[in-house]
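# Chain and residue survey
The residues making up each chain are set out below.
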Amino acid sequence: VPKSGVLNVTKTFENEEIANLLNENNFSIDVTGNFLSAVENGEATIYNTMDSAKKVVNRDGTVTYSWSLAIFGEEYKVEEKNHNLDSDGWIYSKTEYVYTSIEGNAIKGESASVTIRTERQFDDEGKKSQTLAFSNYYTAIAKLDLKKVSANSETPIPGAEFKLSKFDNGKWVVINEDIQVN
């Protein structure tokens, strides 16, 4: 009787807007390793798309997708594909992962591709699983359009200057030099 195990792979997005944009961008998590118990070198790659995952919208607004894979090997490469969302509203910042073993030991890192050593057991020892959780971070792009117009004619006034300030510790602080508008 071969030893087997379960590898849970989860992916958490900051919000549903990002998850939907990445789904349109053909996001996937590819897992390469031995998935065939009868074949000694049954190396294969499983392409996990968001459409094949269990989806949960969390209370904090994040969205988590999860896949459970039966494993028979000792080493698996898990890699995100098409996760670099650079759209009109978002820029990709980083990917973090946490691998939690059967014993509950956690290994953390920062990468969209990781090779993990899995643990397997005989079926009569009870089903235990290990989890690899990816979280991606994106920065929202803020856009500010400034236009100075004549109060009477509403026509643009060329050469107007602006200073960008923020309210910090009870006072206004200029955060950049003059902005020249043509």
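One can find the structure itself at the top, above this paragraph.
Not measured: the values here are computed from a predicted model.

### Considering the overall build of the chain
A count of helical and extended segments in the chain gives one helix and 14 strands. A buried classification covers 31% of the 182 residues belonging to the chain. Taking the contacts inside the chain whose residues are at least 6 apart along the sequence as the reference set, 62% of them involve residues at least 24 apart. When the accessible area of the chain is evaluated, it comes to approximately 11,600 Å², of which 47% is carbon and sulfur surface.

### Looking at a nonpolar patch on the surface
On the surface, a nonpolar cluster with roughly 340 Å² of combined accessible area is contributed by Leu144, Leu146, Leu164 and Ile175. Here leucine 144 is to be found in the loop between strand E10 (129-140) and strand E11 (161-162). What makes leucine 144 exposed here is its relative accessible area of 56%.

### Some details on unusual backbone geometry
For asparagine 26, which is not glycine, the phi dihedral falls at a positive 60 degrees. Mapped onto the elements of the fold, asparagine 26 is located in the loop between helix H1 (16-24) and strand E2 (28-34). The exposed category is assigned to asparagine 26, whose relative accessible area is 57%. The phi dihedral of glutamate 154 is positive, around 60 degrees, even though this residue is not glycine. Inspection of the secondary structure assignment puts glutamate 154 in the loop between E10 and E11. On the basis of relative accessible area, glutamate 154 is assigned to the exposed category, the value being 62%.

How each quantity is defined
Residues numbered from 1 in each chain as written. Predicted model: local features only at pLDDT ≥ 70, side-chain atom pairs only at ≥ 80, totals over all residues. Heavy atoms only, no water. Helix = DSSP H or I, 4+ residues; strand = E, 2+ residues; numbered from the N terminus. Buried < 20%, exposed > 50% of the residue type's maximum accessible area, 1.4 Å probe, protein only. Contact = heavy atoms within 4.5 Å. Areas by Shrake-Rupley, 256 points an atom, 1.4 Å probe, with all protein chains shown as cover. Patch = residues over 30% accessible without salt bridge, like charges linked within 9 Å, V, L, I, M, F, W, Y side chains within 5 Å. Salt bridge = Lys/Arg side-chain N within 4 Å of Asp/Glu carboxyl O.

None of this, on its own, says anything about what the molecule does.
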